[in-house]
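The residues making up each chain are set out below.
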Amino acid sequence: MSASTDLSAGSGAPAPTPVLSYSPLTLSVPGRPVDLQVRVSVPATGTGLPVVLLSHGHGGSHHLSSLNGYAPLANLWAAAGFAVVQPTHLSSRTLARQLADAPGGPFFWRSRAEDMSRVLDRLDEIEKTVPQLAGRLDHDRIAVAGHSLGGHTASLLLGARTTDPDTGAEVDLREPRIKAGVLLAAPGRGGDVLNGWMADKVPFFHGTDFSTMTAPTLVVAGDKDDSPHFTDIGPGWHADPYHLAPAPKTLLTLFGAEHLLGGISGYDADETTDENPERVAALGHLTSAYLRTQLRSDPYAWQAACEALTTGTAPAGRVECK
């Protein structure tokens, strides 16, 4: 069963809340070629904060593909009452020269997911290290979000599987401590549809199987997000995680949005081809409302957000659910 709702650009979001951000917090990880560094962003006040792990994309910029990127979303989510933890994955452009010959590069698809499990293993340490954070996290309410390649990372943590291109073995990186997720312009299915010039460079995309991704997930796709370097099937490719995964799933299609969904990777980022602060604000409000409902902070937040975004003459997108 599915439902559909139109969304307008007026989000009805609350007044801005002060946000504290701490970085870099360095975690030594045996066997990892460099230490794992993270940024933690939280509201200035409040306790029982749910945790959102945010996985960056690959991209063309150096620092946007690191803990220093995605401030537009991280700040919105922190202001909405979440503790947002952003690792710098080994695939970050900031590490490209240092790790040029490291095994698993340049995308480090398996390590990216493992980074998130390591963060969860050491939440106590993170909570004690970040000033004014001790005792404020809810370790039982955890979500993951990711953009682009980060969306692939998040999908694996939510239960999707892939085939290791080196061994042919099925890989299961599901993280049971994660209760829900948000996939932002994530890659879709593999196989024959991956016929663009980048297809051979991402063999780990080819074996993606969404049929095992059982966790509640919001899939966000732009209706102008064409990715011919991967596939010629058009923007609908980014909606595959919704269509090919079992319920419960929700699809948010943003009208006019391209791959950066209005500019989520950074303020005034040159690589944003569809800069639209109102779209980013609406996206931040909707995604935070979805996570508040899924993580049981507010069972009515998602419904209220959708209803607030149905007014006006310029709908920002459409919601479907199953």
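Residues numbered from 1 in each chain as written. Predicted model: local features only at pLDDT ≥ 70, side-chain atom pairs only at ≥ 80, totals over all residues. Heavy atoms only, no water.

Student: Explain the overall build of the protein chain here, please?
Tutor: A count of helical and extended segments in the protein chain gives 8 helices and 12 strands. Taking 2.2 N^0.38 as the reference for a compact globule, 322 residues should give roughly 20 Å; the C-alpha atoms of the protein chain span a radius of gyration of 18 Å, in line with that estimate. Scored against the burial criterion, the 322 residues of the protein chain give a buried share of 54%. Taking contacts inside the protein chain between residues at least 6 apart in sequence as the whole, the part at least 24 apart equals 74%. Element-wise, carbon and sulfur atoms account for 51% of the exposed surface of the protein chain, whose accessible area totals about 13300 Å². (Helix = DSSP H or I, 4+ residues; strand = E, 2+ residues; numbered from the N terminus. Rg over C-alpha atoms; globule rule 2.2 N^0.38 Å. Buried < 20%, exposed > 50% of the residue type's maximum accessible area, 1.4 Å probe, protein only. Contact = heavy atoms within 4.5 Å. Areas by Shrake-Rupley, 256 points an atom, 1.4 Å probe, with all protein chains shown as cover.)

Student: In this structure, what is going on with the pairing of strand β11 (residues 249–254)? I would like to understand it.
Tutor: If a strand is regular, its side chains alternate between the two faces of the sheet. Burial analysis of β11 places 6 of its 6 residues in the buried class, which makes it a mostly covered element. Alternating residues of β11 divide into Lys 249, Leu 251 and Thr 253 and Thr 250, Leu 252 and Leu 254, and every residue in both groups is buried. Direction of pairing for strand β10 (residues 217–222) relative to β11: parallel, over a ladder of 6 bridges. Paired with Val 220 across the two strands is Leu 252, which belongs to β11. Examined bridge by bridge, β11 and strand β12 (residues 315–321) share 5 bridges and lie antiparallel to one another. Opposite Leu 251, over in β12, you have Glu 320 as the bridge partner. (Pairing = 2+ DSSP bridges.)

Student: What's the story with the packing of helix α2 (residues 109–121) against helix α4 (residues 149–157) in this structure? I'm lost.
Tutor: Any two packed helices are characterised by the angle at which their axes cross and by the distance between the axes. Axis separation between α2 and α4 bottoms out at 9 Å; the angle between their running directions is 60°. Considering the angle they form, α2 stands oblique to α4. Our pair here, α2 against α4, has a crossing hand that is right-handed. Two secondary-structure elements touch here, α2 through Trp 109, Arg 112, Ala 113, Met 116 and Ser 117 and α4 through Leu 149, Gly 150, Thr 153, Leu 156 and Leu 157. Of the residues contributing to the contact of α2 with α4, the split by class is 6 nonpolar, 3 polar and 1 charged. (Axes fitted to C-alpha atoms, helices over the stretch in contact; angles between N-to-C directions. Parallel < 35°, antiparallel > 145°, perpendicular 65-115°, else oblique. Left-handed = near helix turned anticlockwise from the far one by under 90°. Nonpolar A, V, L, I, M, F, W, Y, C, P; charged D, E, K, R; others polar.)

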